[in-house]
Amino acid sequence: MNKIYLDNAATTPLSEEVIDAMVDTMKMNFGNPSSTHSFGQEAKILIENVRRQVADYLHVTPAEIIFTSCGTESNNMIIKSAVEHLGVHRIISSPLEHKCVSESILDMKNRKGVEVNYIRPNEKGDIDLAKLEELLKSSDKKTLVSLMHANNEIGNLTDIKKVAELCKTYQALFHSDTVQTMAHMALDFSDIQVDFASCSAHKFHGPKGIGFAFIRKSSGLKGIITGGPQERTLRAGTENVAGIVGLGKALEISLNNLEEYASHMQDIKSYAVEKLTEAVPGIKFNGRSSEKDTSLYTVLSALLPYKNSLIGLQLDMMGIAISQGSACSSGASKPSMVMMMVLSEEEIDHCTPLRISFSHLTTKNDIDALADALHEISKDFVIENTNVEHR
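Residues numbered from 1 in each chain as written. Predicted model: local features only at pLDDT ≥ 70, side-chain atom pairs only at ≥ 80, totals over all residues. Heavy atoms only, no water.

## Things to note about the overall build of the protein
Argument step 1. Each helix and strand counted, the protein has twelve helices and twelve strands in total.
Argument step 2. Expected size for 391 residues packed as a compact globule is a radius of gyration near 21 Å; at 21 Å, the protein falls within 12% of this value.
Argument step 3. With respect to the three principal axes, the spread of C-alpha positions in the protein is 70 × 55 × 35 Å.
Argument step 4. Across the 391 residues that make up the protein, the buried fraction comes to 56%.
Argument step 5. Taking the intrachain contacts of the protein between residues at least 6 apart in sequence as the baseline, contacts between residues at least 24 apart amount to 76%.
Argument step 6. Entry remark: accessible area of the protein is about 16,800 Å², with carbon and sulfur atoms responsible for 51%. (Helix = DSSP H or I, 4+ residues; strand = E, 2+ residues; numbered from the N terminus. Rg over C-alpha atoms; globule rule 2.2 N^0.38 Å. Buried < 20%, exposed > 50% of the residue type's maximum accessible area, 1.4 Å probe, protein only. Contact = heavy atoms within 4.5 Å. Areas by Shrake-Rupley, 256 points an atom, 1.4 Å probe, with all protein chains shown as cover.)

This is how it looks when you write it as structure tokens:
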């Protein structure tokens, strides 16, 4: 069976060049970067070269890049340290955030008594910046705003430059989960005045188990993993040298091909909208995922006009890997919070969401196969919900 992978928002396959770079590092640069002898210092040089590479991409200083194990760790560190060490007593966020953000915020509310305000999105999944400004005006408490750049389920983009400007106006700190956009978009943090951001290498064909946090040096944030002085004392522990090298190589490949990859994936996404609309009468697309300029080109969120909780398994048995939501929500018996925000009760009860996510390796033949599979599966259902309206 020719297998097709359409779950790139969950993780991406490792590039061969990344594997080669990591293997060479594990063979030749096994020294502990904290050691003062040549073996350690050669490993340290590799780390610092990647740190400068990441900093150049984001237009920040190398000292503002802290290597972590993943985006989840980065987001946890930023949110919890902002409360623990920066005197944050209020957090403004939205119900659309990734679970590592929403659960960290909830933890700070339960354990530290932090006030939490949520901006409810509209039916398209948009965040009302006027509501954000209203909330920022309403209190003198030290505030952290946490809003993701691109949603991992519906792909909606938030104008983080405007959010950052509002936060500066009202002396609030701004954290953005940029896991889905890092290495997929040109990001200039000298222009976009976020205070904190996060990255996971496995979202752009790098290895799992490595990421970084951007922490603006003026913020004063402190680490929550204590021990040695690694990572500017912000993240103690021996560095994952091979993982960092892999992150750097994956970033290099992505940035060198950024326009080509983006154009290809946008073309694939538009083709998918066309083919799925033909294959499944009554199909709809959630949020702004089918739109070009307001959603990330890697993600398309579809809504099938019938209820089928086994759709993911059926497609997997047909050789197609796909998601019914965030990978962190897989196995859940109820819709994700994102789906609950953008779908009506009728849609939740009678329809089936699918998340289709692309990479530069995705082909139109892959989309044809998906469309054919969904057409076959749909024959087993009486389509009674073609007139179900989005909320």
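## Here we look at the pairing of strand 6 (residues 173–176)
Argument step 1. Both faces of strand 6 are covered, namely the face carrying Leu173 and His175 and the face carrying Phe174 and Ser176.
Argument step 2. Inspection of the sheet shows strand 5 (residues 143–146) paired to strand 6 by three bridges, in the parallel sense. The partner of Leu144 across the bridge, within strand 6, is Leu173.
Argument step 3. Once you follow strand 5 into helix 6 (residues 160–169) and on to strand 6, the crossover reads as right-handed. (Pairing = 2+ DSSP bridges. Right-handed = clockwise from strand over helix to strand, strands pointing away.)

## Side note on the nonpolar core
Argument step 1. Core analysis: the biggest nonpolar cluster contains 92 residues, and Leu58, Val145 and Leu315 have the highest contact counts within it.
Argument step 2. Of all the elements, helix 8 (residues 258–279) adds the most residues to this core, at ten residues.
Argument step 3. Residues from two domains meet in this core; each of domain 1 (4–10 + 258–378) and domain 2 (16–252) gives at least three.
Argument step 4. Excluding anything up to four places from it in sequence, Leu315 contacts Ile320, Ile322, Leu354, Leu370, Ala373, Leu374 and Ile377. (Core = buried A, V, L, I, M, F, W, Y, C linked by side-chain atoms within 4.5 Å. Domains from an automatic or database assignment.)

## Regarding the domain arrangement of the protein
Argument step 1. Per the domain assignment, the segments making up the protein are domain 1 (4–10 + 258–378) and domain 2 (16–252).
Argument step 2. In this structure, domain 1 and domain 2 have C-alpha centres spaced 27 Å apart.
Argument step 3. Across the boundary between the two partners, domain 1 contributes 31 residues, which contact 28 residues of domain 2.
Argument step 4. Roughly 2,300 Å² of surface becomes buried between domain 1 and domain 2 when both sides are summed, with 56% attributable to carbon and sulfur atoms.
Argument step 5. When the area that domain 1 buries against domain 2 is broken down by residue, the three leading residues are Leu296, Val338 and Met341, summing to 27%.
Argument step 6. Where domain 1 meets domain 2, there are one salt bridge.
Argument step 7. In this structure, Asp126 and Arg288 form a salt bridge, with 2.7 Å as the shortest nitrogen-oxygen distance.
Argument step 8. Linking domain 1 with domain 2 are eleven residue pairs in polar contact (both at pLDDT 80 or more), by the criterion used here. (Buried area = accessible area lost by both parts, 1.4 Å probe. Salt bridge = Lys/Arg side-chain N within 4 Å of Asp/Glu carboxyl O. Polar contact = N/O pair within 3.5 Å; in protein donor to acceptor, adjacent residues only side chain to side chain.)

## Thoughts on the pattern of salt bridges
Argument step 1. For the structure on display, the rule yields 21 salt bridges.
Argument step 2. A salt bridge links Glu73 to Arg235; the shortest N-O distance between them is 2.7 Å. One end of the pair, Glu73, is in helix 3 (residues 71–86); the other, Arg235, is in the loop between strand 8 (211–215) and helix 7 (241–256), and 162 residues separate them in sequence. Comparing Glu73 with Arg235 shows no difference in burial state: the two are buried.
Argument step 3. Put simply, Glu84 and Lys112 hold a salt bridge, and the shortest N to O gap is 3.4 Å.

## A word on the sheet that holds strand 10 (residues 299–304)
Across a sheet, strands are paired by hydrogen bonds formed along the backbone, either parallel or antiparallel in direction.
Argument step 1. Read from one edge to the other, the open sheet built from three strands follows the order 9-10-12, with strand pairing classed as antiparallel. Every interior strand has two partners, whereas the edge strands, strand 9 (284–285) and strand 12 (352–357), have only one.

## Thoughts on the sheet that holds strand 3 (residues 90–93)
Argument step 1. Spatially, seven strands are ordered 2-8-7-6-5-3-4 in an open sheet, and the strand pairing comes out mixed. The open sheet has two edge strands with one neighbour each: strand 2 (65–68) and strand 4 (115–118). Along the sheet, successive strands turn relative to each other by an average axial angle of 20°, direction set aside.
Argument step 2. By the bridge criterion, two bridges tie strand 6 to strand 7 (residues 196–200) in an arrangement that is parallel. Note on strand 7: the bridge partner recorded for Ser176 is Ala197. (Axes fitted to C-alpha atoms, helices over the stretch in contact; angles between N-to-C directions.)

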